[in-house]
Amino acid sequence: MAIDLRSDTVTRPTPAMRAAMAAAEVGDDVFGDDPTVNALQDRIASMLGKEAALFMPSGTQSNLCALMSHCARGDEYIVGQQAHTYRYEGGGAAVLGSIQPQPLNNQADGTLALADIEAAIKPDDAHFARTRLLALEDTIGGQVLPLAYLRDATALARRRGLATHLDGARLFNAAVAAGGDAVANARMISDTFDSVSVCFSKGLGAPVGSALAGSKELIARAHRHRKMLGGGLRQAGILAAAALHALDHHVDRLAEDHANAKRLAEGLQGLPGVTVMPPQTNILFVDLAPEKAQGIVERLSAAGVLCTGLYRLRLVTHLDVSAAEIDVAVRALRAAL
Ligand SMILES: *Cc1c(COP(=O)(O)O)cnc(C)c1O
């Protein structure tokens, strides 16, 4: 079988996760009757230090519900050019929420410069959309935003009357990368934001699902939006059980994915025309000189290694790739490059 480094979304539920799903107690979650969904929502809300949380079918819907709950029609949110919400979610905030994005360039470390944020906040004047929200992403491109930065950026937002949202699809990768108690780290990151979205279907290895956490009032608004967007699920406890299993068993092991990304980076050193970015978490970028890039993804695929990119390859480690498979991938990559 191919070694699939295209994304950490390609993981399949483990036998233990499938067993937890099969055994889940369920009810109709649109009636609020699913005990496993309710348990997951309580669990993730308390882990993230928020009053409430809502299980979501996808990270895209979770972010969209958050944006639509913070902003009304004609409002604006400040976001990075590279942010998933702005770039990779079909423009949903604008299309479905009538929310204008104000994109800012991401710095090399993934942050938005505080001066850029400050300058982008519009005065209260009929010419302008109402700037309502700052949305950040952590990790972004596999990079961890420093906690001190998150505190400064969200404090600036609050000082200027903006709400704050974190797209924390890979929040637990950031929390594990910080070292020490991952759940405590996740809580510290979450504490700086009004709302946080996390994905269970990335490195945590669940087949489906995300959660949005925030105040009771915000989550009540998000609940209405989720219904409107078609995200009201019925016996969703089958899916929530996978997410609960992931929170119990797959958080600390993200460190293995990070170690494997480093192992991969080290294995690819010293090839001419190949520049390896040092990975901070589970995403490795490799820049290729044009003569190396020609047909590389196809050649790697033929050699049994799947990845994405062109001049910049993106290789993502996850639950379904072992250190031994990383060594096989290194040999295939070195041969192809
Ligand atoms: C994957 C991802 C999302 C969206 O999650 P889906 O479940 O694929 O909709 C949002 N933000 C980031 C940073 C992601 O990586």
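Residues numbered from 1 in each chain as written. Predicted model: local features only at pLDDT ≥ 70, side-chain atom pairs only at ≥ 80, totals over all residues. Heavy atoms only, no water.

## Some words on the overall build of the protein chain
Moving on, step 1. The number of helices and strands found in the protein chain is 15 helices and 13 strands.
Moving on, step 2. Dimensions of the protein chain, computed from the C-alpha atoms along their principal axes, are close to 55 × 50 × 35 Å.
Moving on, step 3. Residues classed as buried in the protein chain amount to 53% of the 337 residues present.
Moving on, step 4. Contacts in the protein chain between residues far apart in sequence, at least 24 positions, make up 73% of those at least 6 positions apart.
Moving on, step 5. Carbon and sulfur atoms make up 53% of the accessible area of the protein chain, which amounts to about 14,200 Å² in all. (Helix = DSSP H or I, 4+ residues; strand = E, 2+ residues; numbered from the N terminus. Buried < 20%, exposed > 50% of the residue type's maximum accessible area, 1.4 Å probe, protein only. Contact = heavy atoms within 4.5 Å. Areas by Shrake-Rupley, 256 points an atom, 1.4 Å probe, with all protein chains shown as cover.)

## Focus on the site of the ligand
Moving on, step 1. Near the ligand the following residues occur: Ser58, Gly59, Thr60, Asn63, His84, Glu89, Glu137, Asp167, Ala169, Arg170, Cys199 and Lys202.
Moving on, step 2. Residue Gly59 places a main-chain N or O atom 2.8 Å away from an oxygen atom belonging to the ligand.
Moving on, step 3. The separation between an oxygen atom of the ligand and a polar side-chain atom of Thr60 is 2.6 Å.
Moving on, step 4. Within the complex, the protein chains bury 83% of what would otherwise be the 380 Å² of accessible surface of the ligand.
Moving on, step 5. Here the shell around the ligand gets three residues from one element, more than from any other, and that element is helix α3 (residues 59-70). (Near = heavy atom within 4 Å. Polar contact = N/O pair within 3.5 Å; in protein donor to acceptor, adjacent residues only side chain to side chain.)

## Remarks on the domain arrangement of the protein chain
Moving on, step 1. Taken domain by domain, the protein chain consists of domain 1 (11-249) and domain 2 (253-336).
Moving on, step 2. Between the C-alpha centres of domain 1 and domain 2 there is a distance of 28 Å.
Moving on, step 3. Facing the 17 residues of domain 1 at the interface are 14 residues of domain 2.
Moving on, step 4. Approximately 1,200 Å² of surface area, both sides summed, lies buried where domain 1 meets domain 2, with 58% of it carried by carbon and sulfur atoms.
Moving on, step 5. Linking domain 1 with domain 2 are zero salt bridges.
Moving on, step 6. Summed over the shared surface of domain 1 and domain 2, the number is four residue pairs in polar contact (both at pLDDT 80 or more).
Moving on, step 7. The element contributing the most residues to the side of domain 1 that touches domain 2 is helix α8 (residues 171-177), with four residues.
Moving on, step 8. Residue classes in the side of domain 1 that touches domain 2 are distributed as five nonpolar, 10 polar and two charged. (Domains from an automatic or database assignment. Buried area = accessible area lost by both parts, 1.4 Å probe. Salt bridge = Lys/Arg side-chain N within 4 Å of Asp/Glu carboxyl O. Nonpolar A, V, L, I, M, F, W, Y, C, P; charged D, E, K, R; others polar.)

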